[in-house]
Amino acid sequence: MSNLDREAVPAVCGGRGFVVAEPVRELLSPRRVQLGESTEVRRLLPNLGRRMVGAWCFVDHYGPDDIADEPGMQVPPHPHMGLQTVSWLHEGEVLHRDSTGSLRTIHPRQLGLMTSGRAISHSEESPKSHARFLHGAQLWVALPDSHRHTEPRFEYHAELPVITAPGLTATLILGEVDGATSPGTTYTPIVGADLSLARGADVRLPLEADFEYAVLSMSGEARVDGVPVLPGSMLYLGCGRTELPLHAESDAGLMLLGGEPFEEELIMWWNFIGRSQEDIAQARSDWMTGTRFGEVKGYDGDPLPAPELPSVPLKRRGRVR
């Protein structure tokens, strides 16, 4: 999925100087962003208060939207560099196309994982015949310097490990939880899990003390370490936890995101992650001149043009405000 902001602002992310090295409860509010013609998303990362959680550097939550008489998601071909995209649905379906020739319809709780590496382009759209509701999250994972020039690829995993406990069903998206391992390719110590809680559930989820974590609320009413987290908001939890108390006031859906704090400093602008403004400027030029990022075949529409680069030098703001 794309960042469709027409005035994209570069930001420095990463580095461990501002990682909270102890448990905290920091509630992040979303920024509402229009995505394409008919989809509004709630953007949780990057946030004025926090820019990364482990290698997770971009989080959009959308829906549930009634698209029975609407085209639904329509995101034209656009480029990515230096990151992975994670498509995750609770309702509906999304048709993915990319410049490696991948064509796949992603359904709820199936993993669509695209590694851009040095360069890729893709589109996302609701199929012409689609379900009434669309509800999901789109996330980016930053690639470390040692892998950011890797060959682009797309993975689709229809079956993922499921962990159960009284009142809890956890689907493992990336990484490891409680001895289970996702088949999705990772390049840094990271975890992502979808948590379905039954009304009244009280559970404690095992965590890695060296990881930093956040929980995104997808639906329902739940308390995360005693804090109410409403749909479309995210609670940053810091590091130093070995378990996470969860309580469901109603049936609820959450996403657990975490990982080892990302040490490298990154520049994220529009749909690119690089290490310098020169990286970003070259990527924009390559996209606008039709080189390097390949072609998305079969999409009915024009590629998305890149916004203009800012005229001022990058202001280094770090991981937090």
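Thresholds applied
- Residues numbered from 1 in each chain as written.
- Predicted model: local features only at pLDDT ≥ 70, side-chain atom pairs only at ≥ 80, totals over all residues.
- Heavy atoms only, no water.
- Helix = DSSP H or I, 4+ residues; strand = E, 2+ residues; numbered from the N terminus.
- Rg over C-alpha atoms; globule rule 2.2 N^0.38 Å.
- Buried < 20%, exposed > 50% of the residue type's maximum accessible area, 1.4 Å probe, protein only.
- Contact = heavy atoms within 4.5 Å.
- Areas by Shrake-Rupley, 256 points an atom, 1.4 Å probe, with all protein chains shown as cover.
- Salt bridge = Lys/Arg side-chain N within 4 Å of Asp/Glu carboxyl O.
- UniProt positions renumbered as here; feature names shortened; annotations may be inferred.
- Pairing = 2+ DSSP bridges.
- Axes fitted to C-alpha atoms, helices over the stretch in contact; angles between N-to-C directions.
- Polar contact = N/O pair within 3.5 Å; in protein donor to acceptor, adjacent residues only side chain to side chain.
- Phe/Tyr/Trp six-rings, centres within 6.5 Å; stacked < 30°, edge-to-face > 60°.
- Lys NZ or Arg CZ within 6 Å of the ring centre and 35° of its normal.

## Structural notes on the overall build of the protein
Next up, step 1: A tally of regular secondary structure across the protein gives one helix and 27 strands.
Next up, step 2: Relative to a compact globule of 321 residues, whose C-alpha radius of gyration would be 20 Å, the protein shows 18 Å and is just as compact.
Next up, step 3: Judged by the C-alpha coordinates and their principal axes, the protein covers about 55 × 45 × 30 Å.
Next up, step 4: The buried share of the protein, taken over its 321 residues, is 58%.
Next up, step 5: Within the protein, counting contacts between residues at least 6 apart in sequence, those at least 24 apart form 74% of the total.
Next up, step 6: Summing over all exposed atoms, the protein offers an accessible surface of approximately 13200 Å²; the carbon and sulfur share of this is 47%.

## Quick word on the pattern of salt bridges
Next up, step 1: Tallied over the full model, the rule gives 17 salt bridges.
Next up, step 2: When salt bridges with common partners are traced through the structure, they connect R25, D225 and R241 into a single cluster.

## Observations concerning the UniProt feature "domain: Pirin N-terminal" (unreviewed entry) in the protein
Next up, step 1: UniProt records the feature "domain: Pirin N-terminal" (unreviewed entry) at residues 41-141, using the numbering of this structure.
Next up, step 2: The annotated region residues 41-141 carries 0% helix and 60% strand content, and the separation between its end C-alpha atoms amounts to 18 Å.

## Quick look at the pairing of strand β15 (residues 168-174)
Next up, step 1: When you tally the buried positions in β15, you get six out of seven residues, the bulk of the element.
Next up, step 2: Judged from the four bridges that link them, strand β14 (residues 162-165) and β15 form a sheet pairing that is antiparallel. Within the sheet, the bridge partner assigned to A165 lies in β15 and is L168.
Next up, step 3: Hairpin connection from β14 to β15: two residues lie between these consecutive antiparallel strands, with G167 at a positive phi of about 85°.

## With respect to the sheet that holds strand β24 (residues 243-248)
Next up, step 1: Across the sheet, which stays open at both edges, the four strands sit in the order β19-β24-β21-β22 with antiparallel pairing between neighbours. At either margin of the open sheet sits one strand with a lone partner, and together these are β19 (202-206) and β22 (227-229). Strand-to-strand twist across the sheet, computed as the mean angle between neighbouring axes with direction ignored, equals 30°.

## Topic: the UniProt feature "domain: Pirin C-terminal" (unreviewed entry) in the protein
Next up, step 1: The feature "domain: Pirin C-terminal" (unreviewed entry), as annotated in UniProt, sits at residues 193-291 in this numbering.
Next up, step 2: Counted over residues 193-291, helix gives 12% and strand 52%. Its end C-alpha atoms are 36 Å apart.

## Here we look at unusual backbone geometry
Next up, step 1: Geometrically, the link from L45 to P46 is a cis peptide bond, its omega value of -5° lying close to zero.
Next up, step 2: With respect to the secondary-structure elements, P46 resides in the loop between β4 (39-45) and β5 (56-66).
Next up, step 3: Of the consecutive residues G63 and P64, the connecting peptide bond is found in the cis state with omega at 0°.
Next up, step 4: The residue P64 is located in strand β5 in this model.
Next up, step 5: The backbone of R109 sits at a positive phi, close to 60°, despite the residue not being glycine.
Next up, step 6: Considering the arrangement of structural elements, one finds R109 in the loop between β9 (103-106) and β10 (111-115).
Next up, step 7: Its relative accessible area of 28% is what places R109 among the partly exposed residues.
Next up, step 8: Phi at D178 takes a positive value of approximately 50°, unusual for a residue other than glycine.

## A closer look at the environment of D300
Next up, step 1: Tracing the backbone through its elements, the reader meets D300 in the segment after α1 (277-288).
Next up, step 2: Judged by its relative accessible area of 75%, D300 falls in the exposed class.
Next up, step 3: Once the C-alpha coordinates of D300 and P77 are considered, the two residues, 223 residues apart in sequence, prove to be 9.8 Å apart.

## A few points about the side chain of S233
Next up, step 1: Within the secondary structure, S233 is located in the loop between β22 and β23 (234-238).
Next up, step 2: A polar contact is formed between the side chain of S233 and the backbone oxygen of L230, at a distance of 2.6 Å.

## Section: the packing of aromatic side chains
Next up, step 1: Enumeration over the complete set of coordinates arrives at seven aromatic pairs.
Next up, step 2: With a centroid separation of 6.2 Å and an interplanar angle of 55°, the aromatic rings of W269 and W270 are classed as tilted. Like W269, the residue W270 is buried in the burial classification.
Next up, step 3: Arranged with centres 6.1 Å apart and planes meeting at 85°, the rings of W287 and F293 form a pair that is edge-to-face. In this pair, the class of W287 matches that of F293, namely buried.
Next up, step 4: Ring-pair connections join several aromatic residues into one group, and the members of that group are W269, W270, F272, W287 and F293.
Next up, step 5: Here R50 stacks its cationic end above the ring of Y236, 4.0 Å away from the centre of that ring.

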